[in-house]
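Residues per chain, in single letters:
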Amino acid sequence: MQAVATDFGITEALKALGVNDINNGTSTGANNFSSGEIIESYSPVDGQLIGKVKSTTKEDYEKVITTATEGFKTWRTMPAPQRGEIVRKFNDELRRLKEPLGKLVSYEMGKSYQEGLGEVQEMIDICDFAVGLSRQLHGLTMHSERPGHRMYEQYHPLGVVGIISAFNFPVAVWSWNTALAWVCGDACIWKGSEKTPLTSVACQNIAARVFSENGVPEGISCLITGDYTVGEMMTKDERIPLISATGSTRMGKIVAKEVAGRLGKTLLELGGNNAIIVTPDANIKNTVIGAVFGAVGTCGQRCTSTRRLIIHEDVYDKVKNAIVDAYKQIKIGNPLDENNHVGPLIDKDSVKNYQNALTKVVEEGGNILVEGGVLEGEGYESGCYVKPAIAEAENHFEIVQHETFAPILYIMKYKGDVSNALDLQNGVRQGLSSAIMTNNLREAERFLSVEGSDCGIANVNIGTSGAEIGGAFGGEKETGGGRESGSDAWKVYMRRQTNTINYTTELPLAQGIKFDL
Ligand code: UN1
């Protein structure tokens, strides 16, 4: 292990999580199968090499899918509350390892330590949710139209579920899917982002240990590692009935086409272009907090990040000035240092995208209110630290229509009625998260009504990011339509079966049809 410039307890954390210099990126639990090329993981925090992971070859993948398919046959017969008990034990370990895992998330991904801990907390919360759910996988009963018949529906596990997750929430998104799928009785194969392979290894280590200690069959939690070609092994594989994919709209369109081509199911959670509408009745102080956290939290790399502020002309200058002032307080630097609010972008490609977006918005006629730029010098050696920027822009600009995964906030004015703000808010291709800041009941209800926000998430008097796990998470339009996490999102991991039972000595037909022999 190379020495970390300012350690911040990273060496200890890696040890606690069983992450080594070279790690296997292909695991079915106790068994490791990796034989592929080595992926190196460099921290965007200080540019240091954290560790290496062996990627998954086609042959490795075959061993994984075979083991998962076999393990599923036993796992599916275990009563769901017993599967819930296993998830509870897994969650005990998450609680015990919350700090090291949060630290590794922060160091490998670049979000603040507080947000790293918050991400692990989301894992803990969804596991708690899943444990309760393991006793509530209910179907409905219906009244049959035929005498002496009973009709009901039940849910059975689907099989082997493929999970593809992104670098920005390297551990939580996996858990939203896998914790539910496990209690539902599925085996899961996870391909995390190749930009954050060590957090995936750390999570798989925890699951593998808990599962083998509790006699869970091999293959219920599997990890594969690599670029899109490894993801393709799953999307093309008919043995995988459901692919849950989180990432860019570009990636989602490829996955959707591939999986639909074999009539598999997808759960897609793709790009957002989230706006906050600020009405004349908004509480300005809360608006500033919600907007600034939404725009700069996780360095603008949440799919729920606030990208656009749509402000009524009556309060435009006031809100604009308050936000520009607030940006002056933002401290950018090592995310493991609690004094900093904003850490680095994930890599230099992201920095380039950020710079291109700032050039583009000016070319299209935008007006920079808070200058961006790449930070250099001591503490910024990785080259991934950028200044959060604000530009006045028009909604129709090509760059505003586009999701740039960086801390750039576009602000724009609306006049008159809230319906004009809604036209702007809905006037993008994405439909993930949205918010309105208002103390006016009529405006709030308009925003939530059928003529209001077209997004999967619509908030009143809170920002666009930081959703709780209890609600179904996801969005419409180019966001992909999937729902994961809370509410009844579990149903996608199961197959529904309608059962009709005749307990008479006759065979009456439905719809009153007579068929006498
Ligand atoms: C994501 O960015 O992919 O709502 C997930 C939020 C977090 C999850 C974001 N709970 O901001």
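Calculation criteria
- Residues numbered from 1 in each chain as written.
- Predicted model: local features only at pLDDT ≥ 70, side-chain atom pairs only at ≥ 80, totals over all residues.
- Heavy atoms only, no water.
- UniProt positions renumbered as here; feature names shortened; annotations may be inferred.
- Helix = DSSP H or I, 4+ residues; strand = E, 2+ residues; numbered from the N terminus.
- Buried < 20%, exposed > 50% of the residue type's maximum accessible area, 1.4 Å probe, protein only.
- Contact = heavy atoms within 4.5 Å.
- Core = buried A, V, L, I, M, F, W, Y, C linked by side-chain atoms within 4.5 Å.
- Domains from an automatic or database assignment.
- Pairing = 2+ DSSP bridges.
- Axes fitted to C-alpha atoms, helices over the stretch in contact; angles between N-to-C directions.
- Near = heavy atom within 4 Å.
- Polar contact = N/O pair within 3.5 Å; in protein donor to acceptor, adjacent residues only side chain to side chain.
- Areas by Shrake-Rupley, 256 points an atom, 1.4 Å probe, with all protein chains shown as cover.
- Nonpolar A, V, L, I, M, F, W, Y, C, P; charged D, E, K, R; others polar.
- Buried area = accessible area lost by both parts, 1.4 Å probe.
- Salt bridge = Lys/Arg side-chain N within 4 Å of Asp/Glu carboxyl O.
- Phe/Tyr/Trp six-rings, centres within 6.5 Å; stacked < 30°, edge-to-face > 60°.
- Lys NZ or Arg CZ within 6 Å of the ring centre and 35° of its normal.

- As recorded in an unreviewed UniProt entry, the chain goes by aldehyde dehydrogenase (NAD(+)) and comes from Mangrovimonas spongiae.
- As its UniProt record puts it under Subunit (unreviewed entry), the chain is described as follows: "Homotetramer."
- Recorded under Sequence similarities (unreviewed entry), the UniProt text for the chain is reproduced unchanged: "Belongs to the aldehyde dehydrogenase family."

### Considering the UniProt feature "active site" (unreviewed entry) in the chain
Inference 1: When the UniProt feature table is mapped onto this chain, "active site" (unreviewed entry) is found at Glu269.
Inference 2: Positionally, Glu269 belongs in strand β10 (residues 265–269).
Inference 3: Take Glu269: its relative accessible area is 1%, and that puts it in the buried class.
Inference 4: Apart from residues lying up to four places away in sequence, Glu269 is in contact with Ala245, Thr246, Gly247, Cys303, Leu432, Phe473, Gly474, Thr479 and Glu484.

### Comments concerning the nonpolar core
Inference 1: Ranked by internal contacts, the top residues of the largest apolar core, which has 149 residues, are Leu101, Trp182, Ile189, Ile323, Tyr327 and Tyr410.
Inference 2: Ranked by residues supplied to this core, first place goes to helix α6 (residues 172–184) with ten residues.
Inference 3: Composition of this core by domain shows at least three residues from each of domain 1 (10–270 + 480–496) and domain 2 (274–473).
Inference 4: Non-local contacts of Ile323, meaning those with residues more than four positions away in its chain, are made with Val288, Ala291, Val292, Leu309, Ile390 and Leu409.

### Digging into unusual backbone geometry
Peptide bonds are trans in most cases, and residues, glycine excluded, mostly fall at negative phi.
Inference 1: Phi is positive for Cys299, which is not a glycine, with a value near 55°.
Inference 2: Take Cys299: it is sitting in the loop between α10 (284–296) and β12 (306–312).
Inference 3: Despite not being glycine, Lys477 shows a phi value in the positive range, around 55°.
Inference 4: Within the element layout of this structure, Lys477 appears in strand β20 (residues 476–477).
Inference 5: Its relative accessible area of 37% is what places Lys477 among the partly exposed residues.

### Here's the deal with the sheet that holds strand β8 (residues 221–224)
Inference 1: If you walk across this open sheet you meet the five strands as β8-β7-β6-β9-β10, and the pairing is parallel. Of all the strands in the sheet, just β8 and β10 have a single pairing partner and so form its edges. Neighbour-to-neighbour, the strand axes of the sheet open up by a mean angle of 15°, direction not taken into account.
Inference 2: Pairing of strand β6 (residues 160–164) with strand β7 (residues 187–191) involves five bridges; the strand directions are parallel. Opposite Gly162, over in β7, you have Ile189 as the bridge partner.
Inference 3: Across the sheet, helix α2 (residues 58–75) lies against β6, β7 and β8, angled at about 150° from β7, the strand it touches most.
Inference 4: Along the sheet, helix α9 (residues 249–261) makes contact with β9 (242–246) and β10, crossing β10 at roughly 170°.

### Description of the sheet that holds β12
Inference 1: Reading across from one edge, β13-β14-β15-β12-β11-β17-β18 is the order of the seven strands in this open sheet, with mixed pairing throughout. Only two strands of the sheet have a single neighbouring strand rather than two, namely β13 (367–370) and β18 (457–460). In this sheet, neighbouring strand axes are inclined to one another by 25° on average, regardless of whether the strands run parallel or antiparallel.
Inference 2: The strands touched by helix α12 (residues 348–363) are β13, β14 (389–392) and β15 (408–414); relative to β15, the strand with the most contacts, the crossing angle is about 30°.
Inference 3: Across the sheet, helix α15 (residues 441–448) lies against β11 (274–278), β17 (433–437) and β18, angled at about 175° from β18, the strand it touches most.

### Notes on the site of the ligand
Inference 1: With respect to spatial proximity, the complete set of residues near the ligand consists of Glu122, Asn168, Phe169, Trp176, Glu269, Arg302, Cys303, Thr304, Ser465, Gly466, Ala467 and Phe473.
Inference 2: In the model, an oxygen atom of the ligand is placed 2.7 Å from a nitrogen or oxygen of the Thr304 side chain.
Inference 3: Protein contacts shield 99% of the accessible area of the ligand, which totals 320 Å² for the unbound molecule.
Inference 4: For the shell around the ligand, a count of residues per class yields five nonpolar, four polar and three charged.
Inference 5: If you count residues domain by domain, the shell around the ligand takes at least three from each of domain 1 (10–270 + 480–496) and domain 2 (274–473).

### Some remarks on the domain arrangement of the chain
Inference 1: With domains assigned, the chain is organised as domain 1 (10–270 + 480–496) and domain 2 (274–473).
Inference 2: Domain 1 and domain 2 are separated by 30 Å when their C-alpha centres are compared.
Inference 3: Facing 33 residues of domain 1, the contacting portion of domain 2 comprises 27 residues.
Inference 4: Summed over both sides, the interface between domain 1 and domain 2 buries roughly 2,400 Å², with carbon and sulfur atoms accounting for 62% of that surface.
Inference 5: Across the contact surface, domain 1 and domain 2 share two salt bridges.
Inference 6: Between Arg302 and Glu115 there is a salt bridge, with its nearest N and O atoms 2.9 Å apart.
Inference 7: At the junction of domain 1 and domain 2, the tally comes to twelve residue pairs in polar contact (both at pLDDT 80 or more).
Inference 8: For the side of domain 1 that touches domain 2, the elements supplying multiple residues, two or more each, are α4 (98–109), α5 (113–133) and β21 (484–485).
Inference 9: Tallied by class, the residues present in the side of domain 1 that touches domain 2 amount to twelve nonpolar, ten polar and eleven charged.

### Some remarks on the pattern of salt bridges
Inference 1: By the definition in use, this model includes 25 salt bridges.
Inference 2: Note that Arg483 is salt-bridged to Glu476, the shortest N-O span being 2.4 Å.
Inference 3: What you see here is one network of salt bridges that share partners, running through Glu85, Arg88, Lys89 and Asp92.

### Observations concerning the packing of aromatic side chains
Each aromatic ring pair is described using two quantities: the centre-to-centre distance and the angle formed by the ring planes.
Inference 1: Throughout the structure, instances matching the rule amount to ten aromatic pairs.
Inference 2: Residues Phe90 and Trp182 carry aromatic rings whose centres are separated by 5.4 Å and whose planes lie at 90° to one another, so their mutual orientation is edge-to-face. Residue Phe90 is found in helix α3 (residues 80–96), and its partner Trp182 is found in helix α6; the two are separated by 92 residues along the sequence.
Inference 3: On the accessibility criterion, Phe90 (1% relative accessible area) is buried.
Inference 4: Owing to a relative accessible area of 0%, Trp182 belongs among the buried residues under this scheme.
Inference 5: On the numbers, 5.0 Å between centres and 70° between planes, the contact of Tyr155 with Trp490 is edge-to-face. Taken together, the positions of Tyr155 in strand β5 (residues 149–157) and Trp490 in the loop between β21 and β22 (494–502) put the pair 335 residues apart, joining distant regions of the chain. Taken individually, Tyr155 and Trp490 each receive the classification buried, so the pair is uniform in this respect.
Inference 6: Aromatic ring contacts, followed pair by pair, group Trp75, Phe90, Trp174, Trp182, Trp190 and Phe211 into a single cluster.
Inference 7: Directly above the aromatic system of Tyr113 lies the positively charged group of Lys103, at a separation of 5.3 Å from the ring centroid.
Inference 8: The ring of Phe169 carries Lys111 above its face, with NZ or CZ at 3.6 Å from the centroid.

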